[in-house]
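Fold and contact review
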Amino acid sequence: MDSSGWFGLDGASIISAVAAAGPYLLCAVALVVLLEQLSYLRKKGPLPGPTFVVPFLGSALPMILNPTRFWDRQAALARASGLGVSANFLVGRFIVFVRSTELSHKVFANVRPDAFHLIGHPFGKRLFGDHNLIYMFDEQHKELRRRIAPNFTPRALSTYVAVQQRVIITHLQKWLDQASASKSQPVALRLLCRDLNLETSQTVFAGPYLTASARQQFNRDYNLFNVGLMAIPFDLPGFAFRRARLAVSRLVRTLSGCVAQSKERMRTGAEPTCLVDFWMQDTLREIEEAAASGAQPPPQSGDVEIGGHLFDFLFAAQDASTSSLLWAVTLLDAHPDVLARVRAEVAAVLGTPSWSGQPITAEQLREMRYTEAVAREVVRFRPPATMVPHIAGEAFPLTDWYTVPKGAIVFPSAYESSFQGFAAAERFDPDRFFSEDREVQKRHFLAFGAGPHQCVGQRYAINHLVLFIALFTSLVDFRRHRTPGCDDIAYVPTIVPKDDGLVHLAKRTCDRISPSSSSSS
């Protein structure tokens, strides 16, 4: 390029041309902003929500800076209006928040190509890819769920219980060691629970197929993924969202390798020791039957495909369980009468608390009915994933007076439904699961979703929480380090106590089994 500038123009000419075009550019920007506002208002219709939204970003910054306040505001608008829904705008997308339980069920019941698409995260497809379980419909989805079923039979769940118990006891000892080293300082449980759950998920799902070095890289990648979930979805180098997307690719590749190793081991006739073994045992049988009849291998039986589905399981289990464990500790500390009943039941079923790891059976878990009721009440009172985002594949008549526009992201709120229908819903009361109408429970207990995409692993999740509560309350004395607002809700992206669950911990000995040994401060 010569000194005369672009296309023969000198610097002064370029500046003059830009200056002359400035008013037109400003008018074009103003027109785009105006059209965006008019489009938002048209989609919003009668729904409560902001009248003016920031161009392109909308309410993204308030949502990222204080998601608790943002979603509380959406719920308050839906409640105050009496409509059960509210609207807003996030990063170029129109959103509908659904507080009404009835309307949430309508969304869950209409997951199909011409209605709602479950997405798991507002920008989930860009993170997870297009072919994961949550994005499937109709027969393809039913077929995959059928093939997943062997992973959650009583036999499989019994195998997982032994793994879960071993990992939980190992981590509880680490917690106590850390508490002892910190003298009188409280210990923050959030990251400790996350590490416990990550090792549990890795060991239950992938068993012996993840080496120590692979687990370390897995942990780093999963942390990148978690950070990206809460970031603005700029898929550009250097941004958290791009790092998260690349981390997911590496995680799926690692899990695909585990699938291949499991297939090799299951071909030898070995007994399953983890979830992928149970899955591959059944998958290999179907592959062999197809080969014998000259048919193609069953769909969704490739290593990469199953690796992607394994990541779905891990994502669903990991952060949700971390949230539930934290709230279990918080709520048991706040309700010493509930804690006393749990300890009494666990002692009656399991005997004297022991660090030896005497195996707990699935039958013993089922005997701890009150402890399971506590686990369910923890999940009801603080559902880990407060919302289950869907996208409208086509315009959908949500009510007689409002149609969700195509492309809108719809957020049915499991959290809001948990406080509807139940008697004294604001009270933490595990006994409600013995006394209240089962239809009410089924209708308003939406922490595991509803409809065709209801969580396939909910029995596993409840077992994990029951086992943790039983072991933690039996082996550990604990007291919350209470400060103003410590139990307020924070999003990370599931909900956790605002202070990350600060507690004082001490080893519980046999002569300290009385209910009074751990009281609320």
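Computed from a predicted structure; not experimentally measured. (Residues numbered from 1 in each chain as written. Predicted model: local features only at pLDDT ≥ 70, side-chain atom pairs only at ≥ 80, totals over all residues. Heavy atoms only, no water.)

1. Details of the overall build of the protein
Tallying secondary structure elements over the protein gives 19 helices and 12 strands in all. For the protein, whose C-alpha radius of gyration is 26 Å, the value lies close to the compact-globule estimate of 24 Å for 521 residues. Principal axes of the C-alpha set define a box for the protein whose edges measure 90 × 60 × 55 Å. Taking all 521 residues of the protein together, the buried fraction comes to 51%. In the protein, of all internal contacts separated by at least 6 residues, the share reaching a separation of at least 24 is 73%. Put simply, the protein shows about 23000 Å² of open surface, and 59% of that area lies on carbon and sulfur atoms. (Helix = DSSP H or I, 4+ residues; strand = E, 2+ residues; numbered from the N terminus. Rg over C-alpha atoms; globule rule 2.2 N^0.38 Å. Buried < 20%, exposed > 50% of the residue type's maximum accessible area, 1.4 Å probe, protein only. Contact = heavy atoms within 4.5 Å. Areas by Shrake-Rupley, 256 points an atom, 1.4 Å probe, with all protein chains shown as cover.)

2. Remarks on the pattern of salt bridges
Taken as a whole and assessed by the stated rule, the structure comprises 33 salt bridges. Across the pair E286 and R146 runs a salt bridge, and its minimum N-O distance is 3.2 Å. Of this pair, E286 sits in helix α11 (residues 275–292) while R146 sits in helix α6 (residues 138–148), placing them 140 residues apart in sequence. Classification of E286 by relative accessible area gives buried; the value is 9%. Taking the relative accessible area as the measure of exposure, R146 reaches 42% and is therefore partly exposed. In this structure, the salt-bridge partner of E264 is R267, at a minimum N-O distance of 2.9 Å. With E264 and R267 both in helix α10 (residues 240–267) and 3 residues apart, the pair spans about one turn of that helix. Connected through salt bridges with shared partners, the residues D333, R480, R482, D487 and D499 form a single ionic network. (Salt bridge = Lys/Arg side-chain N within 4 Å of Asp/Glu carboxyl O.)

3. Brief notes about the UniProt feature "transmembrane region" (unreviewed entry) in the protein
Residues given the UniProt feature "transmembrane region" (unreviewed entry) here are residues 12–35, 47–65 and 77–96. Measuring from the first to the last C-alpha atom of residues 47–65 gives 24 Å, for a span that is 32% helix and 0% strand. Helix makes up 25% of residues 77–96 and strand 50%, whereas the separation of the span's terminal C-alpha atoms amounts to 12 Å. (UniProt positions renumbered as here; feature names shortened; annotations may be inferred.)

4. A look at the pairing of strand β2 (residues 93–98)
For β2, the buried fraction is high: 5 of the 6 residues fall into the buried class. Note that strand β1 (residues 85–90) and β2 share 6 bridges and pair antiparallel. Paired with N88 across the bridge in β2 is I95. Two successive antiparallel strands, β1 and β2, enclose a turn made up of 2 residues, where V91 displays a positive phi of approximately 45 degrees. Here 4 bridges tie β2 to strand β8 (residues 409–412), and the two strands are oriented parallel to one another. Looking across to β8, one finds that V98 is bridged to P412. (Pairing = 2+ DSSP bridges.)

5. Quick look at the UniProt feature "binding site: heme" (unreviewed entry) in the protein
Residues annotated by UniProt as "binding site: heme" (unreviewed entry) correspond here to C455. Mapping C455 onto the fold places it in the loop between α18 (438–444) and α19 (458–475).

6. Points about the confidence of the model for the protein
Averaged over all residues, the pLDDT of the protein is 88; the fraction at 70 or higher stands at 94%. When the criterion is pLDDT under 50, residues 511–521 qualifies, and its contacts beyond four places in sequence or with other chains add up to 24 contacts. (pLDDT = per-residue confidence, 0-100.)

7. Remarks on the sheet that holds β2
Ordered by their spatial adjacency, 5 strands build an open sheet running β1-β2-β8-β5-β3, and the pairing between neighbours is mixed. Only two strands of the sheet have a single partner each, and these edge strands are β1 and β3 (116–118). Each adjacent strand pair in this sheet contributes to an overall mean axis angle of 30 degrees, direction not counted. Along the sheet, helix α3 (residues 67–81) contacts β1, β2 and β8; its crossing angle with β1, the most-contacted strand, is approximately 145 degrees. Together, β1, β2, β3, β5 (390–392) and β8 form the strand contacts of helix α4 (residues 101–109), whose direction differs from that of β8 by roughly 125 degrees. (Axes fitted to C-alpha atoms, helices over the stretch in contact; angles between N-to-C directions.)

8. A word on the domain arrangement of the protein
According to the domain assignment, the protein contains domain 1 (32–129 + 386–446) and domain 2 (138–385 + 450–507). One C-alpha centre belongs to domain 1, the other to domain 2; they are set 27 Å apart. On the side of domain 2, 41 residues touch domain 1, which itself brings 37 residues to the contact. Taken together, both faces of the contact between domain 1 and domain 2 bury some 3500 Å²; the carbon and sulfur share is 71%. The largest share of the area that domain 1 buries against domain 2 comes from L127, T386 and F428, three residues that together contribute 22% of it. Taken together, domain 1 and domain 2 are joined by 2 salt bridges. Scanning the region where domain 1 abuts domain 2 turns up 10 residue pairs in polar contact (both at pLDDT 80 or more). Here the side of domain 1 that touches domain 2 is composed, by residue class, of 25 nonpolar, 5 polar and 7 charged. (Domains from an automatic or database assignment. Buried area = accessible area lost by both parts, 1.4 Å probe. Polar contact = N/O pair within 3.5 Å; in protein donor to acceptor, adjacent residues only side chain to side chain. Nonpolar A, V, L, I, M, F, W, Y, C, P; charged D, E, K, R; others polar.)

9. Considerations on the packing of aromatic side chains
For the structure shown, the criterion picks out 25 aromatic pairs. A connected cluster of aromatic rings, assembled from ring pairs, spans F152, Y160, F205, F278, W279, F313 and Y460. Its end group placed over the ring of Y370, R341 keeps NZ or CZ at 3.9 Å from the ring centre. Above the face of the F419 ring, R380 is positioned so that its terminal group lies 5.5 Å from the ring centre. (Phe/Tyr/Trp six-rings, centres within 6.5 Å; stacked < 30°, edge-to-face > 60°. Lys NZ or Arg CZ within 6 Å of the ring centre and 35° of its normal.)

10. Section: the sheet that holds strand β12 (residues 502–507)
What links the strands of a sheet is backbone hydrogen bonding, and the strands pair in either a parallel or an antiparallel sense. Strand order in this open sheet of 3 strands is β4-β12-β9, and the pairing throughout is antiparallel. Among the strands making up the open sheet, the edge pair consists of β4 (187–188) and β9 (476–480). As judged from the 2 bridges shared by β4 and β12, these two strands associate in the antiparallel manner. Within β12, the position partnered with A188 by the bridge is L502. Running at roughly 105 degrees to β12, helix α7 (residues 154–181) makes contact with β4, β9 and β12 of the sheet. Where α19 meets the sheet, its contacts fall on β9 and β12, and the angle it forms with β9 comes to roughly 95 degrees.

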